Amino acid sequence: MLAKTTWGAGDYPLMATVLEPVSAQVVAAAEVGVGDRVIDVATGTGNAALQAAARGASVLAVDFEPALLALARDRERSAGVIEWVEGEAECLPAADGHADVLVSVFGVMYALDHSRAAQELVRVLAPCGRIALAAWTPGSFLPAMGAVVAQYLPPPPAASGPPSRWGDAEFLRLLLHQVGARLKATGIDRLTVRFDDIEEAAGFLIRTAGHVTDQKQQLSRTGRWQALNRDLEAFIRERCGPTPELELEYLIATATRD
C-alpha cells in the first residue's frame, strides 16, 4: 500500500518494534482489563492496541497513515477484537463517551493542534474514564535529534507547539485540566537502544524517520544528504560517546476524566 504521509515513507515498523516495551508499560499503567472499551490514538503498527486486546479489551485503533494500519491489521490474530480505523487525533472517529480507556504511545503528541487533540481525548471518554500516555521529554534524545535534521528539511506544518510539550508533566497537567481531565501520576523512564558503532546508529535513525528518508532524493541532488549524515553522526557522538547507547527518555502519564 502506498504511503499517505511521511510516517509511511520510512521503516517506521522497525522503530515500532524497538518501542514495543513502552506500549506494554502504557497499557499496564491504564489498568486495561477484560471488557474495557479502549481507543488507541495514533496506533502506528498496533503495539498498544494488540497489548490491550491481549488483556481482554475491545479496541478501536486509530491512525492517519493507512500503510501503518495495514501492517497493524496483519498482526492481529483474533478477528473482530480490534477495529482498525483511519482518522486524526484532532477528530477521533468515535462517539462521545465511547471509551473506558484511552491510550497513546508517542502518538497524540504529534497532533498539530494540542488543545483540540486533548479535547478529543476527553470527549470520547466515558465519565471517570482513564487515560495513559507516553511522550518524549523536552530536550531528550529524539527531540534534540529533530533539531539537528530540521535544518535540512522543509518547514513542518504549523503546530501549536513542539510535540515534546506532551512530555512536560506541568504542561500536560494544565492542558488536561483545561479540557476536563485530571493528571493522576507521571514518571520518567528511559529506553536504551544499543548499536555497534556511530554509523549503525545514524543509519537506524534515518531509516526509521520517514520525514527524513522522504527528502533523500532532493538532498542528494543538492549535495546535502552526506552533510545531514555527518551532522547526525556528530550529534550522536556528542550525546553518546564512541560506542553509542541511545538513551530515549520519555514521560509516562496517567489521568482520569473529571
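Heads up: the structure comes first, above all this text.
Residues numbered from 1 in each chain as written. Predicted model: local features only at pLDDT ≥ 70, side-chain atom pairs only at ≥ 80, totals over all residues. Heavy atoms only, no water.

1. Quick look at the side chain of E76
Position of E76 relative to the elements: it lies in the loop between α3 (66-75) and β3 (82-86). No salt bridge is formed by the buried E76, whose closest oppositely charged neighbour, R73, lies at an N-O distance of 6.6 Å. Looking at E76, its side chain comes within polar contact range of the main-chain nitrogen of V81, at 3.5 Å. Here the side chain of E76 touches I82 through a polar contact of 3.0 Å, landing on its backbone nitrogen. When residues no more than four places from it in sequence are discounted, the contact partners of E76 are L50, V81, I82 and W84. (Helix = DSSP H or I, 4+ residues; strand = E, 2+ residues; numbered from the N terminus. Buried < 20%, exposed > 50% of the residue type's maximum accessible area, 1.4 Å probe, protein only. Lys, Arg positive; Asp, Glu negative; His and termini not counted. Salt bridge = Lys/Arg side-chain N within 4 Å of Asp/Glu carboxyl O. Polar contact = N/O pair within 3.5 Å; in protein donor to acceptor, adjacent residues only side chain to side chain. Contact = heavy atoms within 4.5 Å.)

2. Examining the packing of aromatic side chains
Centre distance and the angle of the planes are the two values used to describe a pair of aromatic rings. Throughout the structure, instances matching the rule amount to seven aromatic pairs. Ring geometry for F106 versus Y250: centroids 5.7 Å apart, planes at 90°, classification edge-to-face. Here F106 is found in the loop between β4 (99-105) and α4 (114-123), whereas its partner Y250 is found in strand β7 (residues 245-257), with 144 residues between them in sequence. Y250 matches F106 in its accessibility class, with the two residues each being buried. Taking 6.3 Å as the distance between ring centres and 85° as the angle between the ring planes, the aromatic pair formed by W136 and Y250 counts as edge-to-face. (Phe/Tyr/Trp six-rings, centres within 6.5 Å; stacked < 30°, edge-to-face > 60°.)

3. A look at the nonpolar core
The biggest cluster of nonpolar side chains holds 92 residues, and the ones touching the most others in it are V22, F106, F141, W166, L172, L205 and I236. What I236 contacts, discounting residues up to four positions off in sequence, is F141, I198, A201, A202, L205, G241, P244 and L246. (Core = buried A, V, L, I, M, F, W, Y, C linked by side-chain atoms within 4.5 Å.)

4. Some points on the packing of helix α5 (residues 141-150) against helix α10 (residues 225-240)
Across the interface, α5 lies against α10 with an axial gap of 10 Å and an inter-helix angle of 150°. When the interaxial angle is binned, α5 and α10 end up roughly antiparallel. Where α5 crosses over α10, the two elements pack in a sense that is right-handed. Contacts from F141, A144, M145, V148 and V149 in α5 reach L228, D231, L232, F235, I236, R239 and C240 in α10. Taken together, the residues that form the contact of α5 with α10 break down as ten nonpolar, no polar and two charged. (Axes fitted to C-alpha atoms, helices over the stretch in contact; angles between N-to-C directions. Parallel < 35°, antiparallel > 145°, perpendicular 65-115°, else oblique. Left-handed = near helix turned anticlockwise from the far one by under 90°. Nonpolar A, V, L, I, M, F, W, Y, C, P; charged D, E, K, R; others polar.)

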